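Chains, contacts and geometry: an overview
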Amino acid sequence: MHRSFLFFLLLQFCFSQSKWIKTFGADEMDGANHVLKVEEGFLILGYTTSFGNGGKDLWIIKTDNSRNKVWDKFYGGMNLDYGIKIIKAYDAGYIVLGQTHSFGNGSGDIWLLKIDDLGKIVWQKTYGGENLDTGYDICTSNEKGYVIAGTSVSKKTNSLDGYVFKVDSLGNLIWEQVYGGLSIDGFSSITKKNEEYGYILFGHTKSYMLDKSRKKKKGFIGRIIASMFKKEPSSEAWIVDIDEYGDRNWHNTYGGKKEDVGKSIDAFSDNSFLLTCETESFGKGKKDIWLLKIDSNGKIIWDNTFGFTQPTNADAAKVLTWTLPSIMDGLGVVTSYNMSAAAKEATIGYALTYTGVEGLSVSYGVGEVGGNAAGTTGSDVTTMKASFAFGPITAC
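Computed from a predicted structure; not experimentally measured. Every chain's residues receive numbers from 1 upward, in the order its sequence appears when written. Under the rules for a predicted model, residues below a pLDDT of 70 receive no local features and side-chain atom pairs below 80 are neither given nor counted, while totals for whole chains, interfaces and linings still include all residues. Water and hydrogen atoms play no part in the side-chain values, which are based on all heavy atoms of the structure.

**So, the sheet that holds strand E5 (residues 57–64)**
Counted only if it meets this: Pairing between strands is defined by DSSP: at least two bridges between them are needed. A helix here means a DSSP run of H or I that spans at least four residues, while a strand means a run of E at least two residues long, and both kinds are numbered starting from the N terminus. Axes, fitted as lines to C-alpha atoms, cover a helix only where it is in contact. Angles between the N-to-C directions of the axes lie from 0 to 180 degrees.
Read across the sheet, four strands follow the order E3-E4-E5-E6 without closing on themselves; strand pairing throughout is antiparallel. Bordering the open sheet on either side are strand E3 (30–38) and strand E6 (69–75), each of which pairs with just one other strand. Recorded for the sheet is a direction-independent mean angle of 20° between the axes of neighbouring strands. As paired elements, E3 and strand E4 (residues 41–48) share eight bridges and run antiparallel to each other. Bridging across to E4, leucine 36 finds its partner in leucine 43.

Laid out in structure tokens, this is it:
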């Protein structure tokens, strides 16, 4: 039996073991959703209610490698605006994926900005229709553009569908596609294929149940009982393979009898993929981490769950995403790791985002720290340094 060894990284959420901590913010609520490591330091992306034009604004902080602030900029209008992810542009500058309720066509639109090295806007565009449209992930395209994945409210069913679109280097729309059924569906992550053109989308669906292991044939009495006590369908993790033009090649789902949600997807050099999910169907606790490695056709190579028997509080059931550099690529070592946030300290907020490894032993993170820790009445952006514990996990 072939065995792959997966090294998992367990973040120690203990401030007493942190070698440094840095906060950015003022009296109101400020937070971070993503951080990008650049050669000269870090770009922290999130939101601020302490500064800006009103409501909640998209906020970017540039620091040097010693975490000292170089500059910060806020972007937005009078309503709710915030940043989701920032990536390097093909040419100079950066591409920022955000969400805006101040600009655009509908009740909420996807917001794309290109900024230069000093945070000045080069161009900005919004995408979406009359209803709510949300972007959750972005990747570079194979033609020096960008592909964005998220959700859109369907005009036909008035429910969420998976939404993906491609833009050129100036943000001009090339194509867009909507995927979904009669129930709630959506995409939360996207990655390029390594060996061919096209992309893999990952998220959740209540419209499709393609995992045949879940389906059980009902007898006559069973069908009558099922029709009398019809339940809302549970979510499955949903993967969709599309070509360079956004047309679907195939799709598949993974899950059990309860709620299972796809969170992130990462590609290995051998054209296999690591899926990170939140599961209620498998594992030890109410919500556990579920990792699956699949081949290029969506077939499971191995899967494993990680978690606690009982979550300590509501925050303990949340899943946080850590983006790691590829180590021993293709051998089953994670490049993205989601862990149940068993944050026992009340001062730790809802999210920390991993940004890099130094000597495979420490990490940087950003998120929220409450007023007790930061010394303010609201929440601040915090960066912290914490140790990682390495250990082997055997998966078949």
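Having seen the model, we can carry on.
**Looking at the pairing of strand E20 (residues 273–279)**
We apply this condition: A simple rule labels every residue: compare its accessible area, found with a 1.4 Å probe on the protein chains alone, to the largest value its type can have, and call it buried under 20%, exposed over 50%, or partly exposed in between.
Counting buried positions along E20 yields seven of seven residues, so the element is predominantly enclosed. Judged by which residues are buried, E20 turns out to be covered on both faces: Phe273, Leu275, Cys277 and Thr279 on one side and Leu274, Thr276 and Glu278 on the other are all buried. Where strand E19 (residues 260–267) lies against E20, seven bridges are found, and the strand directions are antiparallel. From the neighbouring strand, isoleucine 265 faces E20, where its bridge partner is leucine 275. Hairpin connection, E19 to E20: the antiparallel pair is bridged by five residues, and asparagine 271 has positive phi, about 70°. Here seven bridges tie E20 to strand E21 (residues 288–294), and the two strands are oriented antiparallel to one another. Paired with threonine 279 across the two strands is aspartate 288, which belongs to E21.

**A few points about the side chain of serine 235**
Going by this rule: Polar contact criterion, stated in full: a pair of N or O atoms within 3.5 Å, where within protein one must be able to donate a hydrogen and the other to accept it, and residues adjacent in sequence count only if both atoms are side-chain atoms.
With respect to the helices, strands and loops of the structure, serine 235 is situated in the loop between helix H1 (220–228) and strand E17 (236–242). A distance of 3.0 Å separates a polar atom in the side chain of serine 235 from a polar atom in the side chain of glutamate 259.

**Side note on the sheet that holds E17**
Pairing within the open sheet is antiparallel, and its four strands lie in the order E15-E16-E17-E18. Either end of the sheet is taken by a strand with one partner, and the two such strands are strand E15 (185–192) and strand E18 (248–254). Taking each pair of neighbouring strands and ignoring which way they run, the sheet shows an average axis angle of 20°. The pairing of E15 with strand E16 (residues 199–205) spans seven bridges and is antiparallel. Bridge pairing in E16 links glycine 186 to histidine 204.

**Concerning the pattern of salt bridges**
What counts, and what does not: Note on definitions: salt bridges are taken to be side-chain nitrogens of Lys or Arg within 4 Å of carboxyl oxygens of Asp or Glu.
The tally for this structure, following the rule as stated, stands at nine salt bridges. When the shortest N-O distance is used, the salt bridge between lysine 114 and aspartate 91 registers 2.6 Å. Of this pair, lysine 114 sits in strand E9 (residues 109–115) while aspartate 91 is found in the loop between strand E7 (81–88) and strand E8 (94–100), placing the two residues 23 residues apart along the sequence. Overall, lysine 114 belongs to the buried group, its relative accessible area being 7%. Using a relative accessible area of 47% as the deciding quantity, one classes aspartate 91 as partly exposed. For lysine 166, the salt bridge identified is with glutamate 244, shortest N-O distance 2.9 Å. Taken together, the residues lysine 166 in strand E13 (residues 160–167) and glutamate 244 in the loop between E17 and E18 connect sequence positions 78 residues apart. Accessibility assignment for this pair places lysine 166 and glutamate 244 in one class, buried. Among the charged side chains, a network of salt bridges with common partners joins Glu143, Lys166 and Glu244.

**Description of the side chain of lysine 114**
For clarity, the cut-off: By the convention used here, residues are in contact when the closest approach between their heavy atoms is within 4.5 Å.
Engagement of the side chain of lysine 114 in a polar contact is seen with the side chain of aspartate 91, the distance being 2.6 Å. At a separation of 3.5 Å, a polar atom in the side chain of lysine 114 contacts the main-chain carbonyl oxygen of alanine 92. Residue contacts for lysine 114: discarding those within four places in its chain leaves Ala89, Asp91, Ala92, Tyr94, Ile95, Lys120, Ile121, Val122 and Trp123.

**As for the nonpolar core**
Rules: In this description, a nonpolar core means a group of buried Ala, Val, Leu, Ile, Met, Phe, Trp, Tyr and Cys residues linked to one another through side-chain atoms lying within 4.5 Å.
Core analysis: the biggest nonpolar cluster contains 15 residues, and Ile95, Leu112, Ile138, Tyr146 and Ile148 have the highest contact counts within it. Those elements giving two or more residues to this core turn out to be E7, E8, E9, strand E10 (121–127), strand E12 (146–153) and E13. Residue contributions to this core peak at three residues, all from E13. Leu45, Leu58, Tyr94 and Val96 belong to the second-largest nonpolar core, a separate cluster that totals 14 residues.

**A closer look at the packing of aromatic side chains**
Stated precisely, the cut-off is as follows: Working definition: a ring pair exists when centres of Phe, Tyr or Trp rings (six-membered ring for Trp) sit within 6.5 Å. Plane angles under 30 degrees give stacked, over 60 give edge-to-face, the rest tilted. By the criterion adopted, a ring carries a charge over it if an Arg CZ or a Lys NZ lies within 6 Å of its centre and within 35 degrees of its normal.
The final tally for this structure, using the stated rule, is eight aromatic pairs. Taken together, a centroid distance of 5.9 Å and an interplanar angle of 45° make the contact between tyrosine 90 and tyrosine 146 tilted. Remark: tyrosine 146 occurs in strand E12 and tyrosine 90 occurs in the loop between E7 and E8; sequence separation between them is 56 residues. Accessibility expressed as a relative area gives 1% for tyrosine 146, which makes it buried. Measuring from centroid to centroid gives 5.2 Å for tyrosine 163 and phenylalanine 165, while their planes differ by 35°, and the two rings are tilted. Both residues of the pair, tyrosine 163 and phenylalanine 165, count as buried. Grouping aromatic residues by their ring pairs yields a cluster made of Tyr127, Tyr163 and Phe165. In this structure, lysine 37 is placed above the aromatic ring of phenylalanine 42, and the distance from its NZ or CZ to the ring centre is 5.1 Å. Lysine 56 extends its terminal NZ or CZ atom over the ring of tyrosine 47, reaching a point 4.2 Å from the ring centre.

**Things to note about the environment of valine 153**
By the element assignment, valine 153 lies in strand E12. A residue is classified by how much of its surface remains accessible, and valine 153, at 18% relative accessible area, is buried. The spacing of valine 153 and aspartate 133 is 20 residues in sequence and 6.6 Å in space, taken between C-alpha atoms. When neighbours within four sequence positions are excluded, valine 153 is seen to be in contact with Asn131, Leu132, Asp133, Asn158, Ser159 and Leu160.

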